[in-house]
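# What the coordinates show
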Amino acid sequence: MLLLSSSFASLIEIFAPLFDSRVWSYAQLLLVGAVLAPGKRTVSSVLRIVGLGSEKHFQNYHRVLNRARWSGRAASQILLGLLLGAFSPCGPILVGLDDTIERRWGKQIQARGIYRDPVRSSHSHFVKTSGLRWLSLMLLVDIPWAGRVWALPFLTVLAPSKRYDQKRRRPHKTLPDWGRQMLLQLRRWLPDRQLVLVVDSGYAALDFLGVLANRRRAITCITRLRLDARLYAPAAPRYPGQIGRPRRKGARLPSLQGRVTDPKTRWRSVTVPHWYSAGPRTIQIATGTAVWYRVGLPVVPIRWVLIRDPQQQFRAQALLCTDLGVAPEQVVQWFVLRWQLETTWAEVRAHLGVESQRQWSDLAIARTTPCLLALFSLVTLLANDLHRRRKLQLRCSAWYSKPQPTFSDAIAAVRQHLWTYAPFAWSPKKLDHTETSRLLLQHLTDALCYAA
């Protein structure tokens, strides 16, 4: 039996109805063990860290991932509800959508592909890597005790390679196809809330934007826009009795590239409070509305926002927003928060062992990485509970001081609470503090060797 504090238990028990009673006991242990285990997040390492290295029926814990019946989508909906209740009970919901490559090799991993490595590649140097491509939808919310916005994953899907789909003779879904399906699912979960999506330029496609914008309850999308995009004025209203097919666009408008160099363009200075990781920054913006149109694709009305740097440290760039009523300053502030998604990718690799799992079953692969990403959000919820009880400590050193907690402080506080609340009543045996410390020291040493 697993003993937890009442607040932690009430939070985790919300997921219990998704599992069979026997499976839930194993899943609950894997969940807590994944928080405690440093280094690799394999089932074996989780069992060792909780003192079950001698468990003869270890296969029961593997079956939670590769055989048991439970819905990851239902778990995502529950997690989203917890996050909204804790950090965003009202107002617009800001979400980010991004993909990452989990570097994996092996013939038994069927869905892997060969992709461009975004970390190791540059404009002049192309690096390919073998792995799995994951697409994650993250909630962008302000964490009061952290003093900044965090990107909290709640829904993650595997986007198989094109070769994987060809072998199974089924249509291949691109990243915008998967992203559109995820966002429509989010809209079904939250039919009455305003949704705002920030994405990179890979999703600046008319078929993707058109599905989100041309709905009864539209999803506002903010992304980059090419400076040479073909923009038009809105179509003129039809007069009574006019025959013929309705026009979809008006006259062609000047390109955004021409507006950058046009001396008649009206620029005004605004200060963005959080310009990526550089703090407040003053930029110049120009804005307007237009219709983005290409033959055979949906017509999307947009607000375009041109950005240039008075210090000339970056080139002029353009953003688009599918909601014409959003202020241009708000468009810029929302878009720069997309950088928090990259921070989350780094944190889950550093502290939650993403890319260290070693499952070979297709079902286990499809479940493990989304669970580890969701664990980032769950640890944040647990740390938020500790903060309310003033038990979230800030870890500093003589050579490194920080004014507010980070995710490393959050997971350290959660681990400390789990270790000190009770000397774990794991079955089949109890561990005393000496054995617990020995196991933790052993796994920390293994983690350092693995990192080296």
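Quick note: structure is the one above.
### Remarks on the pattern of salt bridges
All told, the structure shown has 15 salt bridges when counted by the stated rule. Note that arginine 104 and glutamate 102 form a salt bridge whose closest N and O atoms lie 3.1 Å from each other. Both residues of the pair, arginine 104 and glutamate 102, count as buried. Close ionic contact of glutamate 342 with arginine 338 constitutes a salt bridge, the shortest N to O distance being 3.9 Å. Judged by relative accessible area, glutamate 342 falls into the partly exposed class, the value being 29%. Through salt bridges with shared partners, a single network forms among Arg103, Asp117, Arg349 and Glu355.

### Section: the nonpolar core
Nonpolar side chains in soluble globular proteins tend to be buried together. Grouped together as the largest cluster of nonpolar side chains are 133 residues, with contacts concentrated most on Leu137, Phe154, Leu186, Leu197 and Val332. Top element by residues in this core is helix α12 (residues 362–388). It accounts for 11 residues. Ignoring sequence-local partners within four residues, the contact set of leucine 137 consists of Val95, Gly96, Leu97, Leu152, Pro153, Phe154, Leu155, Met182, Leu183, Leu186 and Leu197. If you look at the next biggest cluster of nonpolar residues, it comprises seven residues, including Ile109, Ala111, Trp134 and Ile365.

### Description of the packing of aromatic side chains
Any pair of aromatic rings gets described here by the distance separating the centres and the angle formed by the planes. Per the counting criterion, the structure on display carries 12 aromatic pairs. Relative to tyrosine 293, the ring of tyrosine 232 has its centre 6.2 Å away and its plane inclined at 75°; by these criteria the two rings are edge-to-face. Here the residue tyrosine 232 occupies a position in strand β7 (residues 231–232), and tyrosine 293 occupies one in the loop between β9 (281–292) and β10 (300–308), the gap between them amounting to 61 residues. The class for tyrosine 232 is buried, based on a relative accessible area of 7%. Note on tryptophan 275 and phenylalanine 314: the rings are 5.6 Å apart at their centroids and 20° apart in plane angle, and the pair reads as stacked. Placement of the pair is tryptophan 275 in the loop between β8 (268–272) and β9 and phenylalanine 314 in the loop between β10 and β11 (317–321), with a sequence separation of 39 residues.

### Some details on the environment of leucine 382
Tracing the sequence through the fold places leucine 382 in helix α12. On a C-alpha basis, the gap between leucine 382 and tyrosine 115 in space is 36 Å, while along the polypeptide they are 267 residues apart.

### Remarks on the pairing of β11
Most of β11 sits out of view: five of its five residues are buried. Alternating residues of β11 divide into Gln317, Leu319 and Cys321 and Ala318 and Leu320, and every residue in both groups is buried. Pairing of strand β6 (residues 220–224) with β11 involves three bridges; the strand directions are antiparallel. Bridged to isoleucine 222 within β11 is cysteine 321. Pairing between β10 and β11: five bridges, direction antiparallel. Following the sheet pairing, isoleucine 307 is matched in β11 by glutamine 317.

### Description of unusual backbone geometry
In this structure, arginine 169 takes a positive phi of about 55° despite not being glycine. Here arginine 169 is to be found in the loop between α6 (162–167) and α7 (175–189). Located in the positive-phi region is arginine 390, a residue other than glycine, with phi close to 60°. Mapped onto the elements, arginine 390 comes out in the loop between α12 and α13 (407–421).

### Here we look at the packing of helix α4 (residues 59–66) against α12
Two numbers describe how α4 lies on α12: the axes approach to 7 Å, and their chain directions differ by 80°. Comparing their axes, α12 and α4 come out roughly perpendicular. Residues Val64, Leu65 and Asn66 of α4 form the contact with α12, whose own contacting residues are Leu363, Ala364, Arg367 and Thr368. Classifying every residue of the contact of α4 with α12 gives four nonpolar, two polar and one charged.

### Topic: the state of the cysteines
The full count for this structure, using the stated rule, is zero disulfides. With no disulfide of its own, cysteine 221 lies closest to cysteine 321 among cysteine sulfurs, the gap being 8.3 Å. By relative accessible area, which is 1% here, cysteine 221 ends up buried.

### A word on the side chain of histidine 417
Mapped onto the elements of the fold, histidine 417 is located in helix α13. Apart from residues no more than four positions distant in its own chain, histidine 417 is found in contact with Ser5, Phe8, Leu386 and Arg389.

### Quick word on the environment of arginine 69
Within the element layout of this structure, arginine 69 appears in the loop between α4 and α5 (72–87). Aside from chain neighbours lying at most four places away, what touches arginine 69 is Leu18 and Arg367.

### Regarding the side chain of glutamate 347
Tracing the sequence through the fold places glutamate 347 in helix α11 (residues 339–351). For the buried glutamate 347, no salt bridge exists, and the shortest N-O distance to an oppositely charged side chain is 4.6 Å, to arginine 148.

### Quick notes on helix α8 (residues 206–213)
Of all the eight residues making up α8, six are buried; the element is thus mostly covered by neighbouring parts of the structure. Burial in α8 covers these residues: Leu206, Phe208, Leu209, Gly210, Leu212 and Ala213. Against the buried residues of α8 lie α7, β5 (195–198), β6, β9, β10 and β11.

Basis of the calculations
- Residues numbered from 1 in each chain as written.
- Predicted model: local features only at pLDDT ≥ 70, side-chain atom pairs only at ≥ 80, totals over all residues.
- Heavy atoms only, no water.
- Salt bridge = Lys/Arg side-chain N within 4 Å of Asp/Glu carboxyl O.
- Buried < 20%, exposed > 50% of the residue type's maximum accessible area, 1.4 Å probe, protein only.
- Core = buried A, V, L, I, M, F, W, Y, C linked by side-chain atoms within 4.5 Å.
- Helix = DSSP H or I, 4+ residues; strand = E, 2+ residues; numbered from the N terminus.
- Contact = heavy atoms within 4.5 Å.
- Phe/Tyr/Trp six-rings, centres within 6.5 Å; stacked < 30°, edge-to-face > 60°.
- Pairing = 2+ DSSP bridges.
- Axes fitted to C-alpha atoms, helices over the stretch in contact; angles between N-to-C directions.
- Parallel < 35°, antiparallel > 145°, perpendicular 65-115°, else oblique.
- Nonpolar A, V, L, I, M, F, W, Y, C, P; charged D, E, K, R; others polar.
- Disulfide = S-S within 2.5 Å.
- Lys, Arg positive; Asp, Glu negative; His and termini not counted.

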